[in-house]
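Inside the fold
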Amino acid sequence: MKKVTGIGGIFFKCSDPNKMREWYKTHLGFDTNDYGATFEWKEESDPSVSGSTQWSPFPETTKYFEPSAKDFMINYRVADLEALVVELKKEEVTILDEMETYDHGKFIHIMDIEGNKIELWEPK
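Keep in mind that what you see is a predicted model, and the values were worked out from it rather than measured.

This part takes up the layout of surface pockets. In this structure, the largest pocket spans a volume of roughly 880 Å³. Q54, N75, H104, F107 and W121 are the residues nearest the centre of the largest pocket, which is lined by 38 residues in total. Space inside the second largest pocket adds up to approximately 180 Å³. Broken down by secondary-structure element, the contributors of at least two residues to the lining of the second largest pocket are α2 (81-90), β7 (105-111) and β8 (117-123). Here the lining of the second largest pocket is built from residues that sort into ten nonpolar, one polar and two charged.

Next comes the structure, spelled out in structure tokens:
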């Protein structure tokens, strides 16, 4: 079973997300919005399939990364989240919440062995 298919997003804490977005826009040309920046791309093996990777600064006070004490969280794209969760449970990986489904796909959060919270995402 193919598990992770790529990086869906990079999220990190900073003291001022607005200033951070503006700095990246000004100095590195990021096309920013209220959530950060979205990088659109095409699958190399099948250019008819498109995807995106999200870059998002969060306030230092965010609770979204908890229970991790780290200042970052990575979102990984996966091919079949439901099947992957079954496998992760068998492997006794810490599952932090229930799978949620939104307009843009399915999500669940897990912890790695060093306490990094990981967001798994199956795009629609």
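Bringing unusual backbone geometry into the picture now. Between E66 and the following residue, P67, the backbone shows a cis peptide bond with an omega angle of 10°. Its place among the elements puts P67 in the loop between β4 (50-59) and β5 (72-78).

Turning to the sheet that holds β8, a few remarks are in order. What the eight strands build is an open sheet, ordered β2-β3-β4-β1-β5-β8-β7-β6; its pairing is mixed. Of all the strands in the sheet, just β2 (32-33) and β6 (100-102) have a single pairing partner and so form its edges. Relative to β4, strand β1 (residues 4-14) is paired through six bridges, and the arrangement is parallel. In the sheet register, I10 faces β4, and the bridge partner there is W55. Packed on one face of the sheet, helix α1 (residues 17-28) meets β1, β2, β3 (36-42) and β4 and runs near 130° to β4. Running over the sheet, α2 touches β5, β7 and β8 and is turned about 20° from β7.

Rules used throughout
Residues numbered from 1 in each chain as written. Predicted model: local features only at pLDDT ≥ 70, side-chain atom pairs only at ≥ 80, totals over all residues. Heavy atoms only, no water. 1 Å grid on protein atoms, 1.4 Å probe; cavity = no way out; pocket = protein on both sides within 12 Å on 5 of 7 lines; lining within 4 Å. Points joined across faces, edges and corners; volume = space filled by probe spheres on them. Helix = DSSP H or I, 4+ residues; strand = E, 2+ residues; numbered from the N terminus. Nonpolar A, V, L, I, M, F, W, Y, C, P; charged D, E, K, R; others polar. Pairing = 2+ DSSP bridges. Contact = heavy atoms within 4.5 Å. Axes fitted to C-alpha atoms, helices over the stretch in contact; angles between N-to-C directions.

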